[in-house]
Structure formats: C-alpha cells, structure tokens
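One-letter residues, chain by chain:
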Amino acid sequence: MTEKEILNILQKDIHSTVFGTIDSEVLPQTCVIDIMLADENGLYFLTARGKSFYDRLLVRHFVAISGL
C-alpha cells in the first residue's frame, strides 16, 4: 500500500482520527480530529487558534495519528 493510498483511507474512510501530541510538561495528550483533505502534499485538518491542540502543534511539529 502506498503512502497516498493510506492518506486517502484516513481522509475518506476513517475521517475522524486521534492525534497524539506532547504538552508543555511533556505529558501525552490526545484529541479527535477530522481529516478534511488528503493530497500529494499530505493531510489537512482544522483547529482553532487559542486551543491547546493548536498551541501544542506550534511548539512540537510532530504528532502520532491513529484511525480505526
């Protein structure tokens, strides 16, 4: 299975995924995020400025994604 196929499955078939990040105290945090689009450049999702998830993304540029 190619990377593009996996990204398309995440977007079209699974859609709601769990993103894992690390907070400022280096503790794990998770949140459910809907994947809005997948293309050759990656995955696209929405979050609001001012949310702790947004802040964690700015500080640490890595996430773990899980979908079932």
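Our subject in this report is the structure included herewith. (Residues numbered from 1 in each chain as written. Predicted model: local features only at pLDDT ≥ 70, side-chain atom pairs only at ≥ 80, totals over all residues. Heavy atoms only, no water.)

## A word on helix α2 (residues 52-59)
Every α-helix carries 3.6 residues per turn, so stepping three or four residues along brings you back to the same face.
Then, in step 1: Every buried residue of α2 is listed here: Phe 53, Arg 56 and Leu 57. Relative to the axis of α2, the buried residues are bounded by an arc of 100° and lie together on one face. Those residues of α2 that are exposed and aimed more than 90 degrees away from the buried face are Leu 58 and Val 59.
Then, in step 2: Looking at the buried positions of α2, the neighbouring elements they touch are β1 (16-22), β2 (28-39) and β3 (42-45). (Buried < 20%, exposed > 50% of the residue type's maximum accessible area, 1.4 Å probe, protein only. Helix = DSSP H or I, 4+ residues; strand = E, 2+ residues; numbered from the N terminus. Arc of directions from axis to C-beta. Contact = heavy atoms within 4.5 Å.)

## Here we look at the sheet that holds β1
Then, in step 1: What the 4 strands build is an open sheet, ordered β3-β2-β1-β4; its pairing is antiparallel. At either margin of the open sheet sits one strand with a lone partner, and together these are β3 and β4 (64-66). Adjacent strand axes in the sheet meet at a mean angle of 50° when their direction is disregarded.
Then, in step 2: By the bridge criterion, 7 bridges tie β1 to β2 in an arrangement that is antiparallel. (Pairing = 2+ DSSP bridges. Axes fitted to C-alpha atoms, helices over the stretch in contact; angles between N-to-C directions.)

## Considering unusual backbone geometry
Then, in step 1: At His 15, a residue that is not glycine, the phi angle is positive and equals roughly 65°.
Then, in step 2: The topology assignment puts His 15 in the loop between α1 (3-14) and β1.
Then, in step 3: In this structure, Val 26 is a non-glycine residue whose phi angle is positive, near 60°.
Then, in step 4: Structurally, Val 26 is set in the loop between β1 and β2.
Then, in step 5: Taking the relative accessible area as the measure of exposure, Val 26 reaches 57% and is therefore exposed.

## Brief notes about the environment of Asn 8
Then, in step 1: Along the chain, Asn 8 falls in helix α1.
Then, in step 2: Expressed as a C-alpha distance, the spacing of Asn 8 and Ala 38, which sit 30 residues apart in the sequence, is 5.7 Å.
Then, in step 3: Beyond its immediate sequence surroundings of up to four residues, Asn 8 is in contact with Asp 13 and Ala 38.

## A short note on the nonpolar core
It is characteristic of soluble globular proteins that their nonpolar side chains tend to be buried jointly.
Then, in step 1: Counting residues in each nonpolar core, the largest one holds 6 residues, listed as Phe 19, Cys 31, Ile 33, Ile 35, Phe 53 and Leu 57.
Then, in step 2: Looking at which element gives the most residues to this core, the answer is β2, with 3 residues.
Then, in step 3: Leaving out residues up to four positions away in the same chain, Ile 35 has contacts with Leu 10, Gln 11, His 15, Thr 17, Phe 19, Leu 43 and Tyr 44. (Core = buried A, V, L, I, M, F, W, Y, C linked by side-chain atoms within 4.5 Å.)

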